[in-house]
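Given next are the chains, with one letter for each unit.
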Amino acid sequence: MEASSIHLQSKIPEGPLEEKWSTFKKNARLVSPTNRSKYKVIVVGTGLAGSSAAASLAEMGFEVSTFCFQDSPRRAHSVAAQGGVNAAKNYQNDGDSVYRMFYDTIKGGDFRSREANVYRLAECSGHLIDQAVAQGVPFAREYSGYLNNRSFGGVQVSRTFYARGQTGQQLLLGAYQALMRQVHLGKVSSHTRHEMLDLVVANGKAQGIIVRNLDTGEITRHAAHAVVLATGGFGKIFYLSTLAMGCNGSAIWRAHKKGALTACPSWTQIHPTCLPQSGTHQSKLTLMSESLRNDGRIWVPAKLGENRSAKDIPEEDRDYYLERRYPSYGNLAPRDISSRAAKERIDAGYGVGAMKNAVYLDFKDAILNQGKAGVKKKYGNLFDMYQKITGVNAYEQPMLISPAAHFSMGGLWVDYELSTTIPGLFAIGEANFADHGANRLGANSLLQACVDGYYILPYTLPHYLAGLGKDEKKLSTDQEAFDLAEQDIRSEVKRLTSVNGSRTVDDFHRSLGKILYDFCGLSRTESGLAEAIQKINDLKDAFHQDVRIPGSSDQMNDELEKACRVADYLEIARQMCEDALTRHESCGAHFREEYQTPEGEAERNDSEFAFISCWKYGKEGSQLIREPLQFDYVKPTERSYK
Amino acid sequence: MNFLLKIWRQPSPKAKGKLVDYPISEISPDMSFLEMLDTLNESLIVNDQEPVAYDHDCREGICGQCGVVINGRAHGPLANTSTCTLHMRSFNDGDTIYIEPFRAEAFPVKKDLKVDRSALDKIIISGGYISVRTGQAPEANSIPISNEAVEGAFDAAACIGCGACVASCKNASAALFTAAKISHLAQLPQGQVEHKKRTRQLVQTMDELGFGACSNTGACEVECPQHISIAHIALMNREYWKS
C-alpha cells in the first residue's frame, strides 16, 4: 500500500557538499549553559552510540538517564566488534582523503544512501581517532610509535585503525569510561537491567518511556524532553546470527508503532566470515573478523564430491572463487558480494565441513610468507578463539567459515539531524537507517556509532531542545499518555504469561529465523517473500496461542524477556518481507533473483528505485513512503569490484 | 553424552538456596556449556518446571556477562576460558557437574546463577578513566607511543569485567580487575596526569565495597579469560604506596 501524501523532510542543509555540516553547525540553536541542567534526556542503549552520546550530552550540562538491559553499560554488543574503525587520516600516504572515503562508502552501499550523510561520516572520522587515543584506546602502533593501519573489504587504501582483534571492546571501554565519569559527576543516572517496553508520545512529541526492571519485574515511567534510541541492530531476528542473545528490535519497533517511520528494514548484512552451524542446538554463529581476509585466502574444492582433507588438496584442485571472479579486489571484495559468492558455491554442492555448509579460509600462504609469528601477531586472538570454539588449530588447517546474519543497515528513518519522524525522538548508531545504504563497509559501524554519539547528536539534539516552547519545558509522568502506555504494557506482559501453551519462546524464534534465512536472507524472490509473509502470519498466531512462559511478570523472568522481544520480531519480520517484496531490483545486501545480470551479479534499477523505502505502521500491513535519493556529486555506476 | 548436573537454585536474593539434581542426556560434545543449559531449560519449561536463571549475552567471550562456577572453578575446567566459550567436549561422558554462582560478599546472588556485579562498575566510576572532554582532542599522532607501551596497556585493557578473578580468589579480592584498569591507563602518556589520584581512588573504593585483600595466590590469573597477569597487581601495589 502506498501513502504518498506524507512528504519526508531530510533537512539537508543547502550549499556545497563539503560545507553542509559546517553550515548546520553555524546555524544551530544553542541552549545556554545555565539552562542546560533544566533539560532531561533519556538515552536507551549504552553501546558505542548510546554511551558516547550520553557522556557528551551530560558533559554539556544536560541531565541524562541511560537505560540498558545488560548488567553493566560496558557489555553492549559494540564490545564484540573485532576488526577496526575507519578514518580518512591518510597516515599511510596511500591516496586517501575524506572524499575518497565518502565515495568508497556510498559506492559500498550501492548508491542507496544520502550523499550529505555519508560525506559527514567521512568528515568526522579523523576526529574520532584523536578522541579515542586521548581516552586511552590502545590502537596498534608501528615501531616508530605512530599509529598503524590495515585494509578492509571494499577499499584500496589502508584506513582502518585497530586494537588487535578487539577494537570494539576498546572503543566501547573508552566511551563507557567517559560515561562512568559523568555518573561520578552526578550528571548521568545509569539504569542497568532495564528494558524499554514503550515510547510515550504526548502532544505530538516524544516525552518519555516505559521500562521494565528485569531483576524485579517492576514497571516504571520516565519522562524527558528528548528520547534517544541507541538500541543497535536487530539481526538476532534470524535467531542464528553474530549478535548477542539479548540484542533486539523492540525499542525501535515500539517507537515505530507510535508513529516513527522505519527505513529499508530488510537490508541485513550477511557477514561472510562466521563459524558455520554445526547442529540444531546452536544458539549463535560467531563472527571471525573480516580483517582475516587481508591475509587468508578463501577457496572451495574445484571438484564435486572431493573427499580429501584440505591439506591434501593440491593447488590445481582448489577454486579461489573470489580471486577468480573479482581479480582486482579478490579476497577483499565487499561483504555482500563475498557472502553471495560463498552461497553460490555452497548451493552448487562445493561446500565443505560436516554439514557441507562452509568454505575454507586458508592461511597457508600467509604463514609461508610472514612466518607463524607474523600471522600470530596480527590475528593471534582470533586463532585462539577459533580453537576454543571448534577445537581446531587454524595454523595447521584452514578455518571453516560461512555467511551469517550480522548488521541491520535498515532501522528507524532519521533526517540529517538524526531525528525520527516523531519530534523529540532521535535514533543513532545501528538503530537508524542513515549512512550505509544497502551494504555497510567493514569498520564503518564502529565509526558511525561514535560519530553519531560524539559529533552529531551533541549539535542536533540541543538544537531541538532550544526550539521547545515554554509549555513544552514542563515534564510530568502524571498524564494520560503515560497512563495508557503503562496500562498497555501491563496487560501485554500479563497476557503473555497467561497463554500457558506448549512451545518455548526459543522454539518460535528458531522457526522465525529459518523462514527469514530461507526467504529474506542472502537471496529473495517474489513468490518466496509472499510465502514467507503467510508463514510469518501463521507463526505469529501460533505464538500468541501456544507460547509457554513459566513464572509471573512481577519477578525476574528470562522467558518473558525473550517473549516480549520475539513478539516484536514476528511483526518486524513481516515488514522486512514487505520491504524486500516491493523493491524490484537488486542492490547491496538485497538480492532479488529476478534482477541479476547474466553473470549473476546484482542488477540495480536507478530509474525506478533510487529511493529509500520508508514504512508507516499499519495493523493490516505497512504503508510505503518514498524518500527520493538525489545524487549531485557522485554518479551512480555499476558497482564493480572485478 | 550424559551428565548429572547439580545446580544451585535460589529463587530470590534473600531466599535460601540449595543444589538440585538434574540428569541430562543426548548432549553433543560440540555444544557450548551454555547451549547445554539452554537444552536443560527447554525441557524444564515444557515439563512445567522453573527454568534455571543464568547470565549470558555475546556468547563469544568478550562481553563478560556470563560466568558460573563449574566443579569449583570459575568458568569451568579450562584455564583462561569464559563459560560461553567452554564446550561439552571438555567433559567426560557420565560426569557429575556442579554448577554454582560466582561467590563473593560484593557479588550478592540475584537468582539461581545470576549475581549482582555492579560493584565492578562502582570501582570504575570512582576514577577509572582519563578525564578528557568528549568531542575535542589533540591530533592522534602528536604523541608517539612506543609499541611496547601500547601492547602492555592493551594486555591490561583487555579485561572483560566478568568477575572470575573475584570468584576464584579465596579472599574474593578484586585486585586483578582494579589493577588491570590502573595499569592500562598508567602505561599510556595520556593517563599519566591523573595517575596517582586514580590509583588511590580505585584502591580505596575496592576496599570499601567489601572485596577482600590480595594474598598473591595467583588463582585469578589462571581463570582470567583474557590472560591478565598478576604482574599488574604488583604494579598497582607499588603505585599505591608511591601515591
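Topic: the overall build of chain A
Each helix and strand in chain A was counted, giving 15 helices and 20 strands. Taken over C-alpha atoms, the radius of gyration comes to 24 Å for chain A, in line with the 26 Å a tight globule of 642 residues would show. Long-range pairs, those at least 24 residues apart, make up 74% of the contacts in chain A between residues at least 6 apart in sequence.

Quick word on the overall build of chain B
Check the secondary structure of chain B and you find eight helices and seven strands. Counting only C-alpha atoms, chain B reaches 60 × 35 × 35 Å along its principal axes. Counting the 243 residues in chain B, one finds 55% classified as buried. A separation threshold of at least 6 residues defines the contact pool for chain B, and within that pool the share at least 24 residues apart is 71%.

Quick word on the interface of chain B and chain A
Between chain B and chain A, the contact holds 62 residues from the first and 67 residues from the second. Among the elements of the structure, helix 1 (33–46), strand 6 (109–111), helix 2 (118–125), helix 3 (147–157) and helix 5 (175–186) of chain B are those that each provide at least two residues to the side of chain B that touches chain A. If you tally residues by element for the side of chain B that touches chain A, the top one is helix 1 of chain B, at six residues. Considering only residue class, the side of chain B that touches chain A consists of 25 nonpolar, 21 polar and 16 charged.

Here's the deal with the pairing of strand 12 (residues 297–301) of chain A
All names here are of chain A. Buried residues dominate strand 12, accounting for four of its five residues. Where strand 12 and strand 14 (residues 359–362) come together, three bridges link them in antiparallel fashion. Pairing of tryptophan 299 across the sheet is with tyrosine 360, part of strand 14. One ladder, built from two bridges, connects strand 12 with strand 13 (residues 318–319); its direction is antiparallel. Among the inter-strand pairings, proline 301 is bridged to a residue of strand 13, identified as arginine 318.

As for unusual backbone geometry
The phi angle at A:Asn93 is positive, at roughly 50 degrees, despite the residue not being glycine. Note on placement: A:Asn93 falls in the loop between strand 3 (85–86) and helix 3 (98–108). Residue class for A:Asn93 comes out exposed when judged on the 7 C-beta atoms lying within 10 Å of it. In the Ramachandran plot, B:Asn80 falls in the positive-phi region, its phi being about 50 degrees despite a non-glycine side chain. As for its position among the elements, B:Asn80 is in the loop between strand 4 (73–74) and strand 5 (96–100).

Quick word on the nonpolar core
Counting residues in hydrophobic clusters, the biggest one holds 287 residues, and the most contacted among them are A:Val41, A:Val228, A:Leu229, A:Cys577, B:Val166 and B:Leu176. Take this core: its biggest share by element is 13 residues, from helix 14 (residues 558–582) of chain A. Among all residues touching B:Val166, those that are not within four sequence positions of it are B:Phe102, B:Ala104, B:Phe107, B:Ala172, B:Ser173, B:Ala174, B:Phe177 and B:Phe211.

Considering the sheet that holds strand 8 (residues 219–223) of chain A
Residue and element names in this part refer to chain A. In space, the three strands of this open sheet follow the order 6-7-8, with antiparallel pairing throughout. Of all strands in the sheet, those with a lone pairing partner are strand 6 (194–202) and strand 8, marking the two edges. Within the sheet, the average angular offset between the axes of one strand and its neighbour, ignoring direction, is 25 degrees. When strand 7 (residues 205–213) meets strand 8, the two strands line up antiparallel, connected through five bridges.

A few points about the sheet that holds strand 4 of chain B
Residues and elements named next belong to chain B. Reading across from one edge, 2-1-5-3-4 is the order of the five strands in this open sheet, with mixed pairing throughout. Each edge of the open sheet carries a strand with a single partner, namely strand 2 (18–24) and strand 4. Across two bridges, strand 3 (residues 69–70) lies against strand 5 in antiparallel orientation. Bridge pairing in strand 5 places valine 69 opposite glutamate 100.

Quick look at the confidence of the model for chain B
Confidence in the prediction for chain B averages 97 pLDDT; 100% of positions are at 70 or higher. Here the predicted complex carries an ipTM of 0.98, next to a pTM of 0.97.

So, the environment of A:Lys470
Tracing the backbone shows A:Lys470 in the loop between helix 10 (445–466) and helix 11 (480–498). Between the C-alpha atoms of A:Lys470 and A:Lys635, which are 165 residues apart in sequence, the distance is 46 Å.

Some points on the packing of helix 2 (residues 48–60) of chain A against helix 5 (residues 167–184) of chain A
All names here are of chain A. Direction vectors running N to C along helix 2 and helix 5 enclose 35 degrees, while the axes themselves pass 8 Å from each other. As for the relative orientation of helix 2 and helix 5, their crossing is left-handed in sense. Judged by residue contacts, Leu48, Ser51, Ser52, Ala54, Ala55, Ala58 and Glu59 of helix 2 engage Leu171, Leu172, Ala175, Tyr176, Ala178, Leu179 and Gln182 from helix 5. Residue composition of the contact of helix 2 with helix 5, grouped by class: 10 nonpolar, three polar and one charged.

Some remarks on helix 8 (residues 335–350) of chain A
When helix 8 of chain A is considered as a whole, its buried residues turn out to be A:Arg335, A:Asp336, A:Ile337, A:Ser338, A:Ser339, A:Arg340, A:Ala341, A:Ala342, A:Lys343, A:Ile346 and A:Tyr350. Looking at the buried side of helix 8 of chain A, the elements it contacts are strand 11 (268–274), strand 12, helix 7 (321–325), strand 14 and strand 15 (399–408) of chain A.

Some remarks on the domain arrangement of chain A
Residues and elements named next belong to chain A. Here the domain parsing of chain A yields domain 1 (39–267 + 409–470), domain 2 (271–405) and domain 3 (480–610). Averaged C-alpha coordinates put domain 2 and domain 3 at centres separated by 30 Å. Taken together, the contact pairs six residues of domain 2 with five residues of domain 3. No other element matches helix 8, which puts five residues into the side of domain 2 that touches domain 3. Partitioned by chemical class, the residues of the side of domain 2 that touches domain 3 number one nonpolar, one polar and four charged.

Details of the packing of helix 12 (residues 505–519) of chain A against helix 13 (residues 526–546) of chain A
Residues and elements named next belong to chain A. It is at 10 Å that the axes of helix 12 and helix 13 come closest, and there the two elements cross at 175 degrees. Relative to helix 13, the element helix 12 lies roughly antiparallel. Between helix 12 and helix 13, the residues in contact are Phe508, Ser511, Leu512, Ile515 and Phe519 and Gly528, Leu529, Glu531, Ala532, Lys535, Ile536, Leu539 and Phe543, respectively. Here the contact of helix 12 with helix 13 is composed, by residue class, of nine nonpolar, two polar and two charged.

Quick notes on the domain arrangement of chain B
All names here are of chain B. By domain assignment, chain B separates into domain 1 (3–111) and domain 2 (118–129 + 146–242). Domain 1 and domain 2 are separated by 27 Å when their C-alpha centres are compared. Every contact between the two is made by 19 residues of domain 1 and, on the other side, 18 residues of domain 2. Of the residues in the side of domain 1 that touches domain 2, the class split is nine nonpolar, seven polar and three charged.

Describing the pairing of strand 15 of chain A
Residues and elements named next belong to chain A. Where burial is concerned, most of strand 15 is hidden: 10 out of the 10 residues are buried. Pairing geometry for strand 11 and strand 15, over five bridges, is antiparallel. Bridging across to strand 15, glutamine 269 finds its partner in phenylalanine 407. Sheet topology places strand 14 next to strand 15; three bridges connect them, and they run antiparallel. Paired with valine 359 across the two strands is isoleucine 401, which belongs to strand 15.

Looking at helix 9 (residues 364–390) of chain A
Structurally, the α-helix is built with 3.6 residues per turn, so residues lying three or four positions apart point the same way. All names here are of chain A. For helix 9, with 27 residues, the first-to-last C-alpha span of 19 Å runs short of the 39 Å given by 1.5 Å per residue. At glutamine 370, helix 9 shows its strongest bend, of approximately 110 degrees. Residues Val375, Lys378, Tyr379, Leu382, Phe383, Met385, Tyr386, Lys388 and Ile389 constitute the buried set of helix 9. Of the surrounding elements, those touching the buried residues of helix 9 are strand 15. Of the residues one or two after helix 9, glycine 391 is the one with positive phi, at around 80 degrees.

Quick look at the environment of A:Gln575
Residues and elements named next belong to chain A. Residue placement: glutamine 575 occurs in helix 14. Glutamine 575 sits in the buried class, given 22 other C-beta atoms within 10 Å. The sequence separation of glutamine 575 and lysine 616 amounts to 41 residues, and the corresponding C-alpha distance is 10.0 Å. Once you skip the residues sitting within four places of it in the chain, glutamine 575 turns out to touch Thr262, Pro265, Trp615 and Ser622.

Here is what the cut-offs are and how they apply
- Residues numbered from 1 in each chain as written.
- Chains lettered and ligands numbered in written order.
- Predicted model: local features only at pLDDT ≥ 70, side-chain atom pairs only at ≥ 80, totals over all residues.
- Helix = DSSP H or I, 4+ residues; strand = E, 2+ residues; numbered from the N terminus.
- Rg over C-alpha atoms; globule rule 2.2 N^0.38 Å.
- Contact = placed C-beta atoms within 7 Å.
- Buried ≥ 20, exposed ≤ 12 C-beta atoms within 10 Å, placed from the backbone.
- Nonpolar A, V, L, I, M, F, W, Y, C, P; charged D, E, K, R; others polar.
- Pairing = 2+ DSSP bridges.
- Core = buried A, V, L, I, M, F, W, Y, C linked by C-beta atoms within 7 Å.
- Axes fitted to C-alpha atoms, helices over the stretch in contact; angles between N-to-C directions.
- pLDDT = per-residue confidence, 0-100.
- Left-handed = near helix turned anticlockwise from the far one by under 90°.
- Domains from an automatic or database assignment.
- Parallel < 35°, antiparallel > 145°, perpendicular 65-115°, else oblique.
- Expected span 1.5 Å × (residues − 1).
- Bend = angle between axes of the 7 residues up to and from the residue.

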